[in-house]
Amino acid sequence: MSNVDSQLIEKLAKLSRVALEEAEVQEITKSLSSIFEYVEQLNAVNIAGVEPLRHVFGESNCFRDDTVDAYCDRDKILSLVPERSGSLIRVPLVIDQE
Amino acid sequence: MSEVLDLTVAQLVQKLITREISAVEITESYLAQIESQMHLGCYLSVWHENALKAAKEADSAGAPSPEFPLRGIPLAIKDIFTTSYGTTTCGSQFLHEYESPFTATCVQRLLDAGGIVLGKTNLDEFAMGSSNENSSFFPVKNPWDVSRVPGGSSGGSAAAVAARTCPVALGTDTGGSIRQPAAFCGITGFKPTYGRVSRYGLVAFASSLDQAGPLGLTAEDCALVGRVISGVDPKDSTSVAREVTRWEQPLPESCKGLRIGIPKEYFLSGIDPEISLAVESAARVLEVLGAERVEISLPHTEYAIATYYVIAPAEASSNLARFDGVRYAKRAAGVESLEELYLRSRSEGFGSEVKRRILMGTYVLSSGYYDAYYLRAQKVRRLIQQDFLSAFENSCDLILCPTTPTVAFRHGENSASPLQMYLNDVFTIPTSLAGLPAVSLPCGMHSEGLPIGFQLIGRPWDEHRLLSVGQEFQQETTWHSGVPIGILSSSSSGESSKARVDA
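Below is a summary of the structure that appears in this document. (Residues numbered from 1 in each chain as written. Chains lettered and ligands numbered in written order. Predicted model: local features only at pLDDT ≥ 70, side-chain atom pairs only at ≥ 80, totals over all residues. Heavy atoms only, no water.)

Attention now goes to the state of the cysteines. Residue and element names in this part refer to chain B. Counted under the stated rule, the structure contains 0 disulfides over all chains. Free cysteine: Cys42, not disulfide-bonded; nearest cysteine sulfur from Cys166 at 8.2 Å. Left unpaired, Cys255 is separated from the closest cysteine sulfur, that of Cys396, by 14 Å. (Disulfide = S-S within 2.5 Å.)

Shown next, in the form of structure tokens:
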């Protein structure tokens, strides 16, 4: 049986930095409960000795030469920042003043 | 100019070469058709002014050529691809006015080939969905029956092609999001092998599964557009350096001696019997063309949906962490702490399916659950892939099966239970997990007046053979020529534009 309850949903919401209304918590608890009950069937599969499939064709680290690539659209990127001070991004205070 | 609207890309290219028609005339026809089909909700933005400008430039530059195979050809782009012109919303309130500083590689390749972008198509938010009901803007309607969904998540692209508002469109497929809407809308949809097409600029949902691909009226058109966008890209380290041949030039007699695997697990209960019959007829056509049918078994099929709905949300939760309200797009107003900035921006920006999948992903990746869910699912994924690779090694060259268990369902029909919606992807998910190329082709009409599609799945990197068989099938059948009633009549819908227009 899946152990999805509203306490877990609230914890996951906090971890994911997503705020949920009470009604959303209830709805998500219900839907995730049934989804993870469905997912439990994976426990029936014999996975002894099976390696996890991370990349479908086994590709791994792909390297390039460590050379600098010129990037010329800095202003365009900065123009997307919601609040800024020059080239610095302005956000609410992170560290206590004292 | 409704006679233009039912032409394929290949036919339009010919008419441009013989100067029977100009790029401007073609583009104007499609823009007018977009206007008259506005009620379907296919487009989130229309690049009216930009498209006409590009069409004029195409006419000055000359006819399509081997170097510019799509010169003068209009296309629509799923709004999950970044474009430096216009907006890129991913169907989400989080990005509803976002203007990307760069263009996705596969879109750039289409532009470099001379293609003309008509606009960005509607989709399920962040490509999460199977009905295009999860768009945060408005849903898309199936041109065959507006009370039905077009499928998803590339529902806008599929409906746009079926409604003849463009001859071809770009979509993405993570668990079936090109193939399923193609089947529901009576058109052809092609997903290349994972790694064929660069994902640079394809806003990531599940990085080990996402692939870009075309939706069009024919396998020939999908083959052409598919190979134009394919090829290694240094900006995407998961793209693979493999030769891309001219897929739109079919291999001769591709069906002769071809062994077609029919997976017995795909024909168990739960499929609409008319779909089974139509898929069976498609197999017969290929037999008449010289293929030989072989029954195969893909024993881990029943675990595919569960595997996908652990892995895909896990990757999504990680990929969507970048949407934090700090550097771009949505930032909630009036927040007092950084934590509140994250919480409120994300909660206000994301729809309910997106939130659900983020939480699912966070759960399966969290400490204490990672081994039980995520790691286990990755191992089952290997077994699912091995089923396919063994079948290809020992028994068959291509696999044939239905694309969907039902035809297009009604709006709201599957909204009660997310799990019920997920079960729609039963025939498309396994291929995605295995990274294989696949194409959905129209093969019949249901008695309810809705199209039926079947799927051909190929070996890794075997797109040329896959699309050759598709083209040969379409030379012998006419299902792909079907047009929804009323689509080519000249009357306007009278509905005002819901899409953002640039002129």
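All right, on to the interface of chain A and chain B then. By a frequent convention, interface size equals the accessible area lost on bringing the separate parts together. In this complex, chain A contributes 55 residues to the contact, which on the side of chain B involves 64 residues. Roughly 5200 Å² of surface becomes buried between chain A and chain B when both sides are summed, with 68% attributable to carbon and sulfur atoms. For the salt bridge of A:Glu83 with B:Arg331, the shortest nitrogen-to-oxygen distance reads 3.4 Å. Summed over the shared surface of chain A and chain B, the result is 19 residue pairs in polar contact (both at pLDDT 80 or more). Sorting the residues of the side of chain A that touches chain B by element identifies α1 (6-15), α2 (22-39) and α3 (74-78) of chain A as the ones contributing at least two each. (Contact = heavy atoms within 4.5 Å. Buried area = accessible area lost by both parts, 1.4 Å probe. Salt bridge = Lys/Arg side-chain N within 4 Å of Asp/Glu carboxyl O. Polar contact = N/O pair within 3.5 Å; in protein donor to acceptor, adjacent residues only side chain to side chain. Helix = DSSP H or I, 4+ residues; strand = E, 2+ residues; numbered from the N terminus.)

All names here are of chain B. Closest axis-to-axis distance for the helix α8 (residues 219-229)/helix α16 (residues 463-476) pair is 8 Å, and the angle between their directions is 155 degrees. As summarised for this structure, α8 and α16 are arranged roughly antiparallel, according to the angle between their axes. Between α8 and α16, the residues in contact are Ala219, Glu220 and Ala223 and Leu467, Gly470, Gln471 and Gln474, respectively. By residue class, the composition of the contact of α8 with α16 is 3 nonpolar, 3 polar and 1 charged. (Axes fitted to C-alpha atoms, helices over the stretch in contact; angles between N-to-C directions. Parallel < 35°, antiparallel > 145°, perpendicular 65-115°, else oblique. Nonpolar A, V, L, I, M, F, W, Y, C, P; charged D, E, K, R; others polar.)

This part covers the pattern of salt bridges. For the structure shown, the criterion picks out 26 salt bridges over all chains. Residue A:Glu24 pairs with B:Lys355 through a salt bridge whose shortest N-O separation is 2.9 Å. A residue pair is termed interchain when its members come from two chains, as with A:Glu24 in helix α2 and B:Lys355 in helix α12 (residues 352-365). We classify A:Glu24 as partly exposed; its relative accessible area is 22%. By relative accessible area, B:Lys355 is classed as buried at 5%. Taking the shortest distance from any N to any O, the salt bridge between B:Asp397 and B:Arg459 comes out at 3.4 Å. With B:Asp397 in the loop between α13 (371-394) and β9 (398-402) and B:Arg459 in the loop between β11 (451-458) and α16, this residue pair connects regions lying 62 residues apart in the sequence. Judged by its relative accessible area of 8%, B:Asp397 is buried. When salt bridges with common partners are traced through the structure, they connect A:Glu27, B:Glu353, B:Arg356 and B:Arg357 into a single cluster. (Buried < 20%, exposed > 50% of the residue type's maximum accessible area, 1.4 Å probe, protein only.)

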